[in-house]
Each structure stands twice: as C-alpha cells, then as structure tokens.
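Chains, contacts and geometry: an overview
Here is how the chains run, residue by residue.
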Amino acid sequence: MNSAPPGAITPATRLIALLGDPVSHSLSPRFQNAAFRAAGVDGVYLALRCSGADVPGLLRGIARAGGGGNVTVPHKAVAAESVELRTSAVERTGACNTFWLEDGKVCGDNTDVAGVRAAIRALIGDPAGARVLLVGAGGAARGAVAALLDDDVASIHLLNRTPARARDLVEAFPEGSALGIVTGVAELRGERFDLVINATSVGLHPGDPLPFEFDTVGGVGAALDLVYAPGETRWVREARAAGIPAADGIEMLLHQGAAAFERWWSRPAPLEVMRAALS
Ligand code: ATR
C-alpha cells in the first residue's frame, strides 16, 4: 500500500474552516497551514465566506464530520449561540471564534481572550494592578475586558464613541467592579495609564484618524493596538515616536491562533513557525 507523502491531502485529512464574511483578507490560512505542516498534523485550513444564516449548520456539520474551525466577523455571536458547550470566555463575551468536537459535543471557545492576554503580557508583563484605558466597546473590547479582569488590573477606564454601547459592555461584566465609563477625553486630562488599548476598528484603513491622541492624558506607559495593518498601524508608529512602547494586533492574532490550534489538535502550537509565517 502506498503511504501518502507528508502534507498530502488524504481521506483522513481534517477540514479546519474559517467562517466569516469577508474572509479574503485573513492571515489565518497562511499561518495555520504552516503550523499544521510543521507539527505534522493531518489537516487543511480553508477560509469559507458564508452568511450568518448558514453558520449554525456549517459549524455543527464540519465539527461532527471530524473537523473544526474559526469564526470571524460578523459571525462570532451567532457561533456562540450555535455551539453545544461553551467555555467561560464564550459565556462572558457572547462571542465564539473557535469550534471543535469533543465527546460528541460541538464545543466553542473565544481564544481572542487568551490572545489579548498573551499580547498584553508580551508588551508589559503581568498587568496585575495596572491602570488601563480601553478605547472601544465592541466585540474586541469585550475580549480585552475579560482578559484584563482575569489578570486583576486595578482599573479599566472605558472610552467609546457611543456611550450606550459602553454601558452595555459594563452590564455584561457584573463582576467587573474595576470597570468604569469615561464620557470624553476631557475627563482624562492629567491622568496616567500603564496601558492604553485600541479595541476600535479605527486604523484598519490607511486614511483613518488616530483612535486616541496620546497627549490628551498625563502619561501612557504602553500602547496595544488590536488592529493590524501592513507595516504596522499609524497609532503604533505615533506611540513609538512619542517614546511609548507599542505593539499591534499581530501578537494577539498569533496567540489566538495558537490557542485555537491547541483546541483542534490537543498539542502545543508551533508558535515560532506561526510567527515566521506572519512576517
Ligand atoms: P469588533 O468586533 O472589531 O470590536 P465592533 O463590535 O463592530 O467590532 O466594534 C467596533 C468598535 O469600533 C466600536 O467600539 C465602535 O464604536 P461605536 O460603538 O461608537 O460604534 C468603534 N468605532 C468604529 N468606527 C469608529 C470611528 N470612526 N470612531 C470611533 N470609534 C469607532
């Protein structure tokens, strides 16, 4: 009998699919397929552009057929509703970005929480006791709040263009006594923050304004942009020019992908291979 060459697609190959719309910009197929090859696991990672209405069927069908996957915008909330077992990260954020089958049940995690936690640690070390300014109140911000609360930060000042969404976010974290809403930057004059996080989508496009001006506050220890863009975001470049250590969303992307790899394959992810595939 012929044995298949390494990397060949075989009848045993598992489909790991990214469900989203759009998916054409995604870097996940690139770094996940590199990781699968390096780890010698029999899987192929494909991006499937699909409607929200098709997510429950696709997600359950792929998982029950032995596969798994990721979910990206705008389908993370419907995915959270579609899985049968949810991690606490999914419960707390209302979002699921990773699914797989375990003991016959379709399981969902939100590895964006592990991803942002790792990105924060890579930038400032253990954030316990830190004062954090979080800009944005959408899905990415919810993941950041879950990670920051897990790590016992001293405070999270939440600043968002639409105050009602900031209030919705605070209500979703009843355990978050460290969480408070800021109604405008004027309130922050003279304040010092150990970390400012951009969790808005501002910076995705080349002509975007800055999501936050560093000189509107008294001092910033570090800046983490959850957005990534080719050649880094303008906000990250501005931070560095002002002498503020900064990182963009690539670090978070990498770590959420590593955590997802571990859910599908039950083994450690080849992090450096994944990092190299992103550079
Ligand atoms: P994600 O899942 O990436 O967080 P989202 O849930 O749509 O996406 O949230 C986008 C975030 O970016 C929100 O905080 C949004 O602010 P609003 O709640 O006011 O909409 C923020 N955002 C998007 N465009 C913005 C802009 N031009 N200026 C300021 N904030 C913006």
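That block above? That's the structure.
Scope of this entry: the structure provided in the associated data block. Since we're looking at a predicted model, the values are computed, not measured.

Let us look at the overall build of the protein. Counting its regular elements, the protein contains 10 helices and 14 strands. Over its C-alpha atoms the protein spans a radius of gyration of 19 Å, differing by no more than 12% from the 19 Å that the globule rule assigns to 279 residues. When its C-alpha atoms are laid out on the principal axes, the protein stretches across 75 × 35 × 35 Å. Considering the protein as a whole, with its 279 residues, one finds that 51% of them fall into the buried category. Contacts spanning at least 24 positions in sequence make up 67% of the contacts within the protein whose residues lie at least 6 apart. Put simply, the protein shows about 12,700 Å² of open surface, and 53% of that area lies on carbon and sulfur atoms.

Looking now at the sheet that holds strand S3 (residues 68-71). Strands sit in the order S2-S1-S3-S5-S6-S4 across an open sheet of 6 strands; the sheet is mixed. Edge positions in the open sheet fall to strand S2 (43-49) and strand S4 (85-86), since each of these has one partner strand only. When S4 meets strand S6 (residues 105-109), the two strands line up parallel, connected through 2 bridges. Paired with Arg 86 across the bridge in S6 is Gly 108. Across the face of the sheet, helix H1 (residues 28-39) comes into contact with strand S1 (14-20), S2 and S3 while running at roughly 165° to S2.

Looking now at the sheet that holds strand S8 (residues 155-159). Overall, parallel pairing links the 6 strands, which are arranged S9-S8-S7-S11-S13-S14 in an open sheet. Since the sheet does not close on itself, it has two edges, and those belong to strand S9 (179-182) and strand S14 (246-247), each with one partner. Across 2 bridges, strand S13 (residues 223-225) lies against S14 in parallel orientation. What sits directly across from Ala 223, in S14, is Ala 246. Helix-sheet contacts for helix H6 (residues 139-150) involve strand S7 (131-135), S8, S9 and strand S11 (195-198), and the interaxial angle to S7 is about 170°. This element, helix H7 (residues 163-172), spans S8 and S9 of the sheet and lies at about 175° to S9.

Right, let's get into the pattern of salt bridges. Applying the stated rule across the entire model yields 14 salt bridges. Between Arg 263 and Asp 109 there is a salt bridge whose closest N-O contact spans 2.9 Å. Highlighted residues: Arg 263 in helix H9 (residues 250-265) and Asp 109 in strand S6, separated in sequence by 154 residues. For Arg 263, a relative accessible area of 29% translates into the label partly exposed. A salt bridge links Arg 131 to Glu 191, with the nearest nitrogen and oxygen atoms 2.3 Å apart. Linking Arg 131 in strand S7 with Glu 191 in the loop between S9 and strand S10 (192-193), this pair joins segments that are 60 residues apart in sequence. What makes Arg 131 partly exposed here is its relative accessible area of 27%. Note on Glu 191: relative accessible area 26%, which makes it partly exposed.

What follows deals with the pairing of strand S5 (residues 98-102). Relative to S5, S3 runs antiparallel, the two sharing 2 bridges. If you follow Gly 69 over to S5, its bridge partner there is Phe 99. One ladder, built from 5 bridges, connects S5 with S6; its direction is antiparallel. Opposite Phe 99, over in S6, you have Gly 108 as the bridge partner. The hairpin formed by S5 and S6 contains 2 residues between the paired strands, and Asp 103 there has a positive phi angle of roughly 50°.

For the rest of this paragraph, the subject is the packing of helix H5 (residues 111-124) against H6. Two elements in contact, H5 and H6, have axes whose closest approach is 8 Å; the angle formed by their N-to-C orientations is 60°. The angle between the axes of H5 and H6 places the two elements in the oblique class. The element H5 and its partner H6 pack so that their crossing is right-handed. Where H5 abuts H6, its residues Val 113, Val 116, Arg 117 and Ile 120 lie against Gly 143, Ala 144, Ala 146, Ala 147, Leu 148 and Asp 150. Residues that form the contact of H5 with H6 fall into these classes: 7 nonpolar, 1 polar and 2 charged.

Attention now goes to the pairing of S8. Successive residues of a regular strand alternate their side chains across the two faces of the sheet. In terms of residue burial, S8 counts as a mostly covered element, since 5 of its 5 residues are buried. In S8, alternate side chains face the same way, and those of Ser 155, His 157 and Leu 159 on one face and Ile 156 and Leu 158 on the other are all buried. Here 5 bridges tie S7 to S8, and the two strands are oriented parallel to one another. Bridge pairing links Arg 131 to Ser 155 in S8. Of the crossover connections in this fold, the one passing from S7 over H6 to the parallel S8 is right-handed. Where S8 lies against S9, 4 bridges are found, and the strand directions are parallel. Bridging from a neighbouring strand, His 157 pairs with Gly 180 of S9. Crossover connection from S8 via H7 to parallel S9: handedness right-handed.

What counts, and at which threshold
- Residues numbered from 1 in each chain as written.
- Predicted model: local features only at pLDDT ≥ 70, side-chain atom pairs only at ≥ 80, totals over all residues.
- Heavy atoms only, no water.
- Helix = DSSP H or I, 4+ residues; strand = E, 2+ residues; numbered from the N terminus.
- Rg over C-alpha atoms; globule rule 2.2 N^0.38 Å.
- Buried < 20%, exposed > 50% of the residue type's maximum accessible area, 1.4 Å probe, protein only.
- Contact = heavy atoms within 4.5 Å.
- Areas by Shrake-Rupley, 256 points an atom, 1.4 Å probe, with all protein chains shown as cover.
- Pairing = 2+ DSSP bridges.
- Axes fitted to C-alpha atoms, helices over the stretch in contact; angles between N-to-C directions.
- Salt bridge = Lys/Arg side-chain N within 4 Å of Asp/Glu carboxyl O.
- Parallel < 35°, antiparallel > 145°, perpendicular 65-115°, else oblique.
- Left-handed = near helix turned anticlockwise from the far one by under 90°.
- Nonpolar A, V, L, I, M, F, W, Y, C, P; charged D, E, K, R; others polar.
- Right-handed = clockwise from strand over helix to strand, strands pointing away.

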